[in-house]
Amino acid sequence: PLATHLGKLPFHVTFKAPGYLTNATVLDAAVYGRVSAAFTELSTEDRAGAERTMRYDLGVSQDTDSLVVSLPRTGVEAHPVPKFSLSALTDAASDWALNTTTGTAQACVLAGDLFVCDLNTTFLRTASKSVWLRFTPANTTVGPLGMGVNFSAVNFTTLHDVAPLPVDAFFTGLVYNATTSQTSIIVGERIVLHFVATLTGSMDLTVSLPTFVLEHVAKPPLMFATTPVGTALPANATLTPCTDYSMYEGTRTACRVPFVARQPTNLYLNFSLESHLLGRQPIHVDFQAPYFVSRALPETPVVRTPNVSYAPFPVISSITGCHDVRPSTIFCPADGTQPITIEGTNFMSAGASVRVGQTECRNVSHVPGFENSRIICSGYAQKDATGLALDTRNESQVVTVTNELREFSREPISILVNLVPVITSVSGCPTQNGKSARDCDRRGRFYDLTIKGDRFGRDGTSVEVYIADRPCTNVQRVSQQELICVAGFYSGLYSDNIVRVLVRGEASQETDVTVTFSMLPIVTSVSGCDKCDYTCTSPKPETSTTNCDKNGTIPLTIVGDYFGNASDTTNVVYFGDQALNILCLDLVHVSDSVLICRRYPLPNAIFKQTIKNQMVHVRTNNSESLATTAFMSYMTFCGPDLGCSGHGTCNLNNGTCSCFYSVANGYWVGEICERCESGYYGAQCAAQCPGGACQPCSGRGTCDDGQTGTGTCTCASGISLGFWGGAACDTCAPGYWGLTCRDPCPYGNTTGEILVCNGAGTCDEGRLGTGKCLCAANALQGFWSGAKCDTCAAGAYGASCRNQCPGGVFNSCSGHGTCDSGVSGTD
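Residues numbered from 1 in each chain as written. Predicted model: local features only at pLDDT ≥ 70, side-chain atom pairs only at ≥ 80, totals over all residues. Heavy atoms only, no water.

Participant: Describe unusual backbone geometry, listing the residues and the values that go with them.
Facilitator: The peptide bond linking His79 to Pro80 adopts the cis configuration, its omega dihedral lying at 0°. Position of Pro80 relative to the elements: it lies in the loop between β5 (68-72) and β6 (83-88). One non-glycine residue, Asn346, lies in the positive phi region at around 65°. Within the element layout of this structure, Asn346 appears in the loop between β28 (340-345) and β29 (353-356). For Asn346, a relative accessible area of 23% puts it in the partly exposed group. Despite not being glycine, Asn758 has its phi angle at roughly 60°, a positive value. Here Asn758 is to be found in the loop between β72 (755-756) and β73 (761-763). (Helix = DSSP H or I, 4+ residues; strand = E, 2+ residues; numbered from the N terminus. Buried < 20%, exposed > 50% of the residue type's maximum accessible area, 1.4 Å probe, protein only.)

Written as structure tokens, this is what we have:
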């Protein structure tokens, strides 16, 4: 292809021969240019973070005006920004400075993951040019490859990683901290050397000690630990063993310590000193790593060991200071501020240390005059390995004393830190969300708060309750597991106020048990129309009103809270469901707790409906009131369609029905004339019950009245009212006599069945009867006598008294003898 052509090149290839059809083919070929670069390093510094200057002598295989230089963003510091300059081909080392002074140096631009330097000039294949580049390698490029520079152009093959530059790391700080190192030991203790270091690159630093100073015991002779500067090394920190003995043919033992670029780091070396090295011994510590500029060492640490230690160990006899129960003390505050006094022996005259649990006492003093036997300690709050406070309340903490000879007490005594209240739930407000209370009144009215948990103390123990930072000023202890914050003695604002309980000044841990106070208006009552009496069906009559007129002209007083100020508050009052559109059209804002609604007409669309028990709603600045027990009811308004059920006429002034009461239209009663008057029955309520409507069933029974009734009387049947019969219950029932029909006729049972007048006569019954039996005297029924007709008449005998003695009943034995008459007689 022609040297001047770049990009796609169409080739027209034709095949033909005599007697053949010509075959023409079009092929696409891609033609790319090529960049060549010669590299010259002009910098004297090769450290990370040091600005470097390079010159690249560029040649191109084809002419181009789109050549750019790019550097990876991750390998270059953004400040100062990379720059470039152009010149004719030259070997002058000072050319960058000359170009800079003439103002031709240009800044590269950050584009995505690259710093792009657009050379913005035409390169000819017949003439090379020099490109001068100045930038600062980032700390992340430490190593032999460092960072390469790329050259590219449109339709050119990119030239990658031209002459990668080695980048070295170095210390920006390496300090030996003698005050926090443990260099004065007794035989058997481990030495701790503390260094502080900051490196410019992330790498594994090799730290080594002479092998001959290390005692090879069961525990690794050399170990290390690191923490960020500002974080102390915890007492129970995990140490990493150092096991590299390959350095200098085993004469040094090394640790591979990882460092993060630019992060100040504490390095702790922990080792046992060879036992024969007593007295003063310098420890030569070496720091090195590949591509590491400087191993500038701090001062040489020196360790010291006495020949032997015979120090007497301390003995603790008692601890006092909190709630003393000798030989110990209990209920010490968890923050460790309450001083405790430790008594015993062998504390020495000065320099003793005290450990409470996992914490070294911050403030330790020997009591003057009793230095060897009495120490005061404060500042013993428990902390974890990272220095964060530990909740060790409810736990016993062991107290030990170490004297200045490094001997510690062998038989420690424990103290008990305060019991911590535990909160599991709070309840009592209108809404409960799991273990938290919602929609509480901001002034603490209406609702007692019940706080449940544990360790709230016994009677007589001080207890406090806080909602966020506001105290409840009336707390009642129900038990050690339950407290009540009494309504009217607490307050709060907004949401998620954490509940805290303090017992003996010890606060419960922070939990997600919260109280949220309603920012919504509250309606507590409505009044103005009729008060609800025993017939009112409102859910809470004492806070509601009823029988308001349909035009809503009776002023309603709405009492509640949080209605805002008249000057900066917009209030809307409506009744019932918003869809009903029952609005207060004339609202007066009296105060933050009182509104007066002077007009609330019933909309025409629902004028003929029964509207009762409509909840009162207040919307203050678009905040809707909570559900309430304040309800308003309109008058009944004569039922559906104002028709009084079709059995009366409606008075629209007072919303009451005048029911029909005539033979022609029936006799109707009820709020909307929905039922028959008592004593009338039938579909039209026009028929009177037997005995008359004024005294149905003659007052001696019950009438089946009403629209679906039959008008049948069910007569009374009992001693108290008598035994009555007849359609109107105006006659005695069979077998009863007398004006009150309470007296029964005589009964007999000679036939084995109890019957009136023994079934052998008739009773003179009824209201005017005598109640006496008239006995039968004929051949069909027999000849009977007696008050109950239960004996045979004279001259008759047999069980049925039908047999007559000889001579007949009226002349037995012809008057000349005595007949064996009677029920048991023979003849």
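Participant: Go over the nonpolar core with me, naming the residues and quoting the values.
Facilitator: In terms of nonpolar packing, the biggest core is built from 32 residues, with Leu193, Leu205, Leu269, Phe271, Ile283, Val285 and Phe287 touching the most fellow members. When residues of this core are traced back to their parent elements, those giving at least two are β14 (171-176), β15 (190-199), β16 (203-210), β17 (222-228), β20 (252-259) and β21 (265-272). (Core = buried A, V, L, I, M, F, W, Y, C linked by side-chain atoms within 4.5 Å.)

Participant: Just give me the short version of a nonpolar patch on the surface, but keep the residues and values in it.
Facilitator: A contiguous nonpolar surface patch, about 280 Å² in accessible area, is contributed by Leu493, Tyr494 and Met519. Structurally, the position occupied by Tyr494 is in the loop between β42 (482-485) and β43 (497-503). (Patch = residues over 30% accessible without salt bridge, like charges linked within 9 Å, V, L, I, M, F, W, Y side chains within 5 Å. Areas by Shrake-Rupley, 256 points an atom, 1.4 Å probe, with all protein chains shown as cover. Salt bridge = Lys/Arg side-chain N within 4 Å of Asp/Glu carboxyl O.)

Participant: Kindly report on the state of the cysteines, identifying the contributing residues and their values.
Facilitator: Per the counting criterion, the structure on display carries 19 disulfides. In this model, Cys242 is linked to Cys255 through a disulfide, with the two sulfur atoms separated by 1.8 Å. Taking the torsion about the sulfur-sulfur bond, which here is approximately 100°, the covalent link between Cys242 and Cys255 counts as right-handed. Highlighted residues: Cys242 in the loop between β18 (240-241) and β19 (244-247) and Cys255 in strand β20, separated in sequence by 13 residues. For the pair formed by Cys242 and Cys255, the shared burial category is buried. Looking at the unpaired Cys813, the closest cysteine sulfur is the one in Cys819, lying at 4.9 Å. (Disulfide = S-S within 2.5 Å.)

Participant: Now, about the pairing of β42: what can you tell me, with residues and values included?
Facilitator: Here strand β38 (residues 449-454) pairs with β42 via 4 bridges, running antiparallel. Across the sheet, Ile451 pairs through a bridge with Leu483, a residue of β42. Pairing of strand β41 (residues 475-479) with β42 involves 4 bridges; the strand directions are antiparallel. Paired with Arg477 across the strands is Leu483, a residue of β42. Linking β41 to β42, which pair antiparallel, is a turn of 2 residues. (Pairing = 2+ DSSP bridges.)

Everything listed here is a matter of coordinates, which is why it stays silent on function.
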